[in-house]
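Notes for the structure review
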Amino acid sequence: MHEPTHPVLVEHDAGVSVITLNRPRRRNALTEDSVRYLAEAVTEALADDAVSALLLRGAEGCFCSGIDLRDAGAADGEALDPAWERRFQAEWSALHGLLAAADKPVVAALEGAAVNAGAALALSADLLVAGRGAFLQIAEVRRNMVARINIAWLCGRYGSARALDLTLTGRRADGAELHRLGIAHSCVADDAVVASALGLAGQLAAYPRSGIADTKRLIRTLEQESGDVGALLRVTTDPAW
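Residues numbered from 1 in each chain as written. Predicted model: local features only at pLDDT ≥ 70, side-chain atom pairs only at ≥ 80, totals over all residues. Heavy atoms only, no water.

**Looking at the overall build of the protein**
When its secondary structure is counted, the protein shows nine helices and nine strands. Taking the contacts inside the protein whose residues are at least 6 apart along the sequence as the reference set, 71% of them involve residues at least 24 apart. Surface summary for the protein: the accessible area is close to 11300 Å², and the carbon and sulfur share equals 53%. (Helix = DSSP H or I, 4+ residues; strand = E, 2+ residues; numbered from the N terminus. Contact = heavy atoms within 4.5 Å. Areas by Shrake-Rupley, 256 points an atom, 1.4 Å probe, with all protein chains shown as cover.)

**A short note on helix H5 (residues 160-169)**
Listed as buried for H5 are Ala163, Leu166 and Thr167. Looking down the long axis of H5, one finds its buried residues gathered within 90 degrees of arc, a one-sided arrangement. For H5, the exposed residues set more than 90 degrees away from the buried face come down to Ala161 and Leu168. Those residues of H5 that are buried lie in contact with helix H4 (148-158) and strand E8 (172-174). (Buried < 20%, exposed > 50% of the residue type's maximum accessible area, 1.4 Å probe, protein only. Arc of directions from axis to C-beta.)

**Observations concerning the pattern of salt bridges**
In this structure the tally under the stated criterion is 12 salt bridges. One salt bridge in this structure joins Arg87 and Glu32, with 2.9 Å as the shortest N-O distance. Placement of the pair is Arg87 in helix H2 (residues 82-101) and Glu32 in helix H1 (residues 32-47), with a sequence separation of 55 residues. What makes Glu32 buried here is its relative accessible area of 13%. (Salt bridge = Lys/Arg side-chain N within 4 Å of Asp/Glu carboxyl O.)

**Considerations on the pairing of strand E3 (residues 53-58)**
For E3, a buried count of six out of six residues is recorded, marking the element as mostly surrounded by other parts of the structure. Relative to E3, strand E2 (residues 16-21) is paired through six bridges, and the arrangement is parallel. If you follow Val18 over to E3, its bridge partner there is Leu55. With respect to chirality, the unit in which E2 leads through H1 into the neighbouring parallel E3 is right-handed. Sheet topology note: the E3/strand E4 (residues 106-110) ladder contains three bridges and is parallel. Bridging across to E4, Leu56 finds its partner in Ala108. (Pairing = 2+ DSSP bridges. Right-handed = clockwise from strand over helix to strand, strands pointing away.)

**Describing the packing of aromatic side chains**
Under the criterion given, the structure shown has two aromatic pairs. Considering the side-chain rings of Trp84 and Phe88, the 4.7 Å spacing of their centres and the 10 degrees angle between planes classify their relative orientation as stacked. In this pair, Trp84 and Phe88 both sit in helix H2, four residues apart, roughly one turn of the helix. By relative accessible area, which is 3% here, Trp84 ends up buried. (Phe/Tyr/Trp six-rings, centres within 6.5 Å; stacked < 30°, edge-to-face > 60°.)

**Thoughts on the packing of H1 against H2**
Relative orientation of the contacting elements H1 and H2 amounts to 20 degrees, with a least axis distance of 10 Å. Regarding the angle of H1 to H2, the classification is roughly parallel. Remark: the crossing between H1 and H2 carries left-handed chirality. Of the residues in H2, those in contact with Glu32, Val35, Arg36, Leu38, Ala39, Val42, Thr43 and Leu46 of H1 are Trp84, Arg87, Phe88, Glu91, Trp92, Leu95, Leu98 and Leu99. Tallied by class, the residues present in the contact of H1 with H2 amount to 11 nonpolar, one polar and four charged. (Axes fitted to C-alpha atoms, helices over the stretch in contact; angles between N-to-C directions. Parallel < 35°, antiparallel > 145°, perpendicular 65-115°, else oblique. Left-handed = near helix turned anticlockwise from the far one by under 90°. Nonpolar A, V, L, I, M, F, W, Y, C, P; charged D, E, K, R; others polar.)

**Section: the confidence of the model for the protein**
Looking at the protein, pLDDT values average 92 and 90% of them are 70 or higher. Across the protein, the element-wise mean pLDDT spans from 66 in helix H9 (residues 229-236) up to 99 in E4. (pLDDT = per-residue confidence, 0-100.)

**Regarding the nonpolar core**
In this structure, Leu30, Phe63, Trp92, Leu95, Leu110 and Leu121 are the most contacted members of the largest nonpolar core, which totals 53 residues. Once residues within four sequence positions are removed from consideration, Leu95 is found in contact with Val35, Leu38, Ala39, Val42 and Leu121. Listed in part, the 15 residues of the second largest apolar core include Leu55, Val129, Leu200 and Leu204. (Core = buried A, V, L, I, M, F, W, Y, C linked by side-chain atoms within 4.5 Å.)

**Section: H2**
Given 3.6 residues to a turn, an α-helix orients residues that are three or four positions apart in the same direction. In a regular helix each residue adds 1.5 Å, so 20 residues correspond to 28 Å; H2 covers 28 Å between its end C-alpha atoms and thus fits that length. When H2 is considered as a whole, its buried residues turn out to be Trp84, Phe88, Trp92, Ser93, Leu95, His96, Leu99 and Ala100. Seen end-on, H2 carries its buried residues on one side only, within an arc spanning 160 degrees. (Expected span 1.5 Å × (residues − 1).)

Structure representation (structure tokens):
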């Protein structure tokens, strides 16, 4: 069975741009192409006057299993190909920069797993709806890697203690724990995740757009006092790191 021809699907539902990672045979793992298409989809949604909210999800019950090691030339446990990693990180950081600066609300539907880079994508959402059987895991430390983007989102939104806990241990945090920690907006039955996330995104899309944009802008301004996500993202891409 072949993979679907396009790794990212975009649909529109009552003012919501539903952006779906569409590589279910690889548990929606990220490739250079899929990140590029994600960035295009996000850019178009943010520029489209008919779109008032974005919803990020993965196809067929899994959010995202992280980087596709086969695409990165590291399928047998080897280190990532340096040239591939440089290209990927540049595009990956640019995508998160777009999401950090977005003036429209971003909701994520966490089904199944969000691992490593997939966890970073889930954390980029303003509001996360998690399934009870879903989990988020940031385990780059086990491969002698630094979870740069994950750390930026965690420190910027939830504090260094939360970042230390999740990134040093590499443990799984399930939907109920994510909700308890304040990382997930809600935790629902696994078969209700997408519908709940779409309902939440639709609710936000129905609000006056300027109020949403001004609220997000004010929060970003106040974040700068304790660690602006955008600034943290820029630090993580500094070659010195």
